[in-house]
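Residues per chain are reported as follows:
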Amino acid sequence: MNRHPLISRRGFAGGTALAVATLAFPSLRAQPKLEKSKIAIAVGGKAAFYYLPLTISEQLGYFKAEGLDIEISDFAGGARALQAVVGGSADVCSGAFEHTINLQSKNQMFQAFVLQGRAPQIAFGISTRNMPNYKSLADLKGKKIGVSAPGSSTNMMANLVLSRAGLKPGDVSFIGVGTAAGALTALRSGQIDAMSNTDPVMTMLEQKGEVKIISDTRTLKGTVEVFGGSMPAGCLYAPLEFVQKNPNTCQALANAIVHGLKWLQTAGPGDIIKTVPESYLLGDRALYLASFNKVRESISLDGIIPDDGARTALKALASFDPTVKADKIDLAKTYTNEFSRRAKDRFKA
């Protein structure tokens, strides 16, 4: 684990200590003044691997190293986290990239400025208890499907999969179950017939034979099979006006996330276990680590949002949501890579 070495030692002049610290921790170099140092971040299901880079950057002190004082509020799903930003109680959302497209279709301009995941990490599974004779997607008509929260990326993935079988969102009932213990309970108690959710929950259910996975975006290959191309996932995004008014703050946020992404590239399973809060393990370390190995390749390497991925996201949304008109969306305004590129150069991610 990287430690902040700003501890004075006997015989070390203050300037020498700072110089050593600056070399060891590049974030301590002279930085532009932050327009806003206290930042409220809303996230929907922080314990999910989908947001692991956010947790790592927080736990290892990378936000503090950038001069940021962040407060993270956790919500049941991405749609609720987004509502916090729209409502003004949070500055930035750690959520799914496609929300920036959905928002623009409603004349609300939001922009993603650093990527956490290069695949959605969402799996769609059928309850083996409630639907032991499942044969095809058509069998889901009239059934209850668990998602992290209605309107979240887990809901979008379910809509996309169902649409390919000719099913509309109104043909099923979507129930918000969160992304942690509540999701496990909802499936195991028979409250839902299927679930679209993230890891570690889905791997835990899969390994115990409680779900049968029918669609999977936890790998890059599976993502291409479902979406037809690369699909940007978790990112930091904010109102376009916030990004334009607070470039130094957004740069600091991007630096912290890319620093976390770099750490994750070489971290071993033991490092992850030591760094995340105990509650994230859901009482089973071995299954948590099995889940991590399943989604590891989906974590962004450098925070950069691929242009073809943004196009894939727009095409996917427009395929089942009639309110999203592809020809009316200005994709260039939904994301920027200027902050991630600077952070990548700084940390050589």
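Let me begin by describing the structure that accompanies this report.

Brief notes about the packing of helix α6 (residues 153-163) against helix α14 (residues 307-320)
Contact pair α6 / α14: the axes reach a minimum separation of 9 Å and the direction vectors enclose 65°. Crossing handedness for the pair α6 and α14: left-handed. Contacts between α6 and α14 involve Met 156, Asn 159, Leu 160 and Ser 163 on the former and, on the latter, Ala 316, Leu 317, Ser 319 and Phe 320. Residues belonging to the contact of α6 with α14 are distributed by class as follows: 5 nonpolar, 3 polar and no charged.

Considering the pattern of salt bridges
A pair can form between side chains of opposite charge whenever their charged atoms are brought close. Considering all chains together, one arrives at 15 salt bridges under this definition. Note that Asp 69 and Lys 38 form a salt bridge whose closest N and O atoms lie 3.9 Å from each other. Pair noted here: Asp 69 is in strand β2 (residues 69-75) and Lys 38 is in strand β1 (residues 38-44), with a separation of 31 residues, a long-range link. Salt-bridge contacts for Glu 66 lead to Arg 346; the nearest nitrogen and oxygen are separated by 3.5 Å. Here the residue Glu 66 occupies a position in the loop between α3 (62-65) and β2, and Arg 346 occupies one in helix α15 (residues 338-347), the gap between them amounting to 280 residues. For Glu 66, a relative accessible area of 2% corresponds to the buried category.

Concerning the sheet that holds strand β4 (residues 110-115)
With mixed pairing, 5 strands are arranged side by side in an open sheet as β2-β1-β3-β10-β4. Among the strands making up the open sheet, the edge pair consists of β2 and β4. This sheet shows a mean twist of 30° between the axes of neighbouring strands, independent of strand direction. Pairing analysis gives 5 bridges linking β4 to strand β10 (residues 234-239), with the strands arranged antiparallel. Bridge pairing links Leu 115 to Cys 235 in β10.

Criteria and cut-off values
- Residues numbered from 1 in each chain as written.
- Predicted model: local features only at pLDDT ≥ 70, side-chain atom pairs only at ≥ 80, totals over all residues.
- Heavy atoms only, no water.
- Axes fitted to C-alpha atoms, helices over the stretch in contact; angles between N-to-C directions.
- Helix = DSSP H or I, 4+ residues; strand = E, 2+ residues; numbered from the N terminus.
- Left-handed = near helix turned anticlockwise from the far one by under 90°.
- Contact = heavy atoms within 4.5 Å.
- Nonpolar A, V, L, I, M, F, W, Y, C, P; charged D, E, K, R; others polar.
- Salt bridge = Lys/Arg side-chain N within 4 Å of Asp/Glu carboxyl O.
- Buried < 20%, exposed > 50% of the residue type's maximum accessible area, 1.4 Å probe, protein only.
- Pairing = 2+ DSSP bridges.

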